[in-house]
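# Structure assessment
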Amino acid sequence: MSLAIIMPGRNGEGLAERLKALDGGLDIQIWPDIERPEAVEFALCWQPPQGVLGDFPALKVVQSLGAGVDGLTEAIPLGVTLCRTVSPSLKTDMRDYVLLAILAEQRQWDAMAADQAQGHWQPRHYRRGGVVGIMGLGELGQAVAAGLAGLGFQLKGWSRTLKRLPAMETFHGPEQLEDFLADLDYLICLLPLTDQTRGLMDSGFFAKLGKPCYLIQAGRGPQLVEADLRSALDQGLLRGACLDVFDVEPLPPSSPLWQHPRVRITPHCASVTSGKELAKAVYHNYLAMCQGLALDQVVDPEQGY
Ligand code: NDP
Ligand code: OXD
């Protein structure tokens, strides 16, 4: 029984060491040096090369290194269970990223940094509170909502199915999207990438915003139509945007987003699971598989998240 680590360009050896520290008896193979594919029953993956999962006839479980499983759902052989990794720090880091982005916009942090670079003393007006709408009320969306609660924001949330959450007005499904968007000061996207969310934020979507709003996009790049985002900024439908994820990553040097004065860009690092937590989560699911117990964070193949 072997555990394969398939994450091209990432530190598979480091993760293998952490797993070995948890259980010295583990049989770990690191792609591309997989000498006994027939023994692989569990695979930890991040952007695996196309077709590689078909090489393991005994494969039972695939775990995504990340919380997102886009790109993996289509690669999973029939009968194999797909899980994802949602660690405690993934949630707290996302909460902090969103709060940082909101506060930086409210307090005009970038403008003051530019003033400082010019040696210019210029006190600036700032916003307080406001209506924050969170798209995606799963592990991350709820962690963000819990972090913002009590900080003077009015919270709204949108999900696929009905959710009742404390201190939040909730909406669900396409038919309630317009009401959700009607009065937001901040819009946070923490949706998974699925057929339903691909291209969701386009010009029609931005036209539904009831007032100029600040977008924080930390879901997945293809949910946002980048050209429509630029038009929404130009038309004043959006005050600005903080973007962590993009259609193409790394964002190409030719992208006009780099130079946009009202776009803050971060390189897909809003939240990251630490190596220690990842090893713990993988080992937990590996043991569960071996013992026939329930796995953590199983993905619904019907919904794709
Ligand atoms: P979850 O699966 O826990 O939650 C997903 C949420 O999105 C659920 O509330 C779900 O609704 C909602 N949703 C799904 N499809 C739709 C739809 N069509 N319309 C409306 N709502 C929908 O995911 P997580 O919170 O763990 O993660 C969310 C995403 O964040 C990941 O998939 C990944 O893409 C991204 N991510 C980004 C990171 C970064 O660093 N930028 C780090 C980690 C994750 P319902 O509750 O009804 O099922
Ligand atoms: C994730 C991510 O899905 O890093 O965990 O985006």
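Residues numbered from 1 in each chain as written. Chains lettered and ligands numbered in written order. Predicted model: local features only at pLDDT ≥ 70, side-chain atom pairs only at ≥ 80, totals over all residues. Heavy atoms only, no water.

## Considerations on the sheet that holds strand E1 (residues 2–6)
Whenever strands of a sheet pair, they do so through backbone hydrogen bonds, lying parallel or antiparallel. Here five strands make up an open sheet; going across it, the order is E2-E1-E3-E4-E5 and the pairing parallel. A strand with exactly one partner marks an edge of an open sheet, and here the two such strands are strand E2 (28–30) and strand E5 (81–83). For this sheet, the mean angle separating the axes of adjacent strands, direction not counted, is 20°. Examined bridge by bridge, strand E3 (residues 40–45) and strand E4 (residues 61–64) share four bridges and lie parallel to one another. If you follow Phe42 over to E4, its bridge partner there is Val61. Sitting on the sheet, helix H1 (residues 12–22) is in contact with E1, E2 and E3, with an inclination near 175° to E2. Along the sheet, helix H8 (residues 275–291) makes contact with E1, E3, E4 and E5, crossing E3 at roughly 155°. (Pairing = 2+ DSSP bridges. Helix = DSSP H or I, 4+ residues; strand = E, 2+ residues; numbered from the N terminus. Axes fitted to C-alpha atoms, helices over the stretch in contact; angles between N-to-C directions. Contact = heavy atoms within 4.5 Å.)

## Here we look at the sheet that holds strand E9 (residues 186–189)
Spatial strand order, E8-E7-E6-E9-E10-E11-E12: seven strands in an open sheet with parallel pairing. Looking at the sheet topology across the chains shown, the edges are occupied by strand E8 (169–172) and strand E12 (263–265). Across the sheet, the mean angle from the axis of one strand to that of its neighbour is 15°, orientation sign disregarded. Bridge count between strand E7 (residues 153–159) and E8: four bridges; the pairing is parallel. Across the sheet, the residue bridging to Lys156 is Glu169, located in E8. Where helix H2 (residues 88–106) meets the sheet, its contacts fall on strand E6 (130–135), E7, E9, strand E10 (213–217) and strand E11 (238–243), and the angle it forms with E10 comes to roughly 150°. Across the sheet, helix H7 (residues 226–234) lies against E10, E11 and E12, angled at about 145° from E11, the strand it touches most.

## What to know about the packing of H2 against helix H4 (residues 139–148)
Remark: H2 packs on H4, axes separated minimally by 8 Å, with the N-to-C direction vectors making an angle of 55°. Taken as axis vectors, H2 and H4 run oblique relative to one another. For the pair H2 and H4, the crossing hand works out as right-handed. Every residue of H4 that contacts H2 at Leu90, Lys91, Met94, Arg95, Val98, Leu99 and Ile102 is listed here: Glu139, Leu140, Ala143, Val144, Gly147 and Leu148. Within the contact of H2 with H4, the residues separate by chemical class into nine nonpolar, one polar and three charged. (Parallel < 35°, antiparallel > 145°, perpendicular 65-115°, else oblique. Left-handed = near helix turned anticlockwise from the far one by under 90°. Nonpolar A, V, L, I, M, F, W, Y, C, P; charged D, E, K, R; others polar.)

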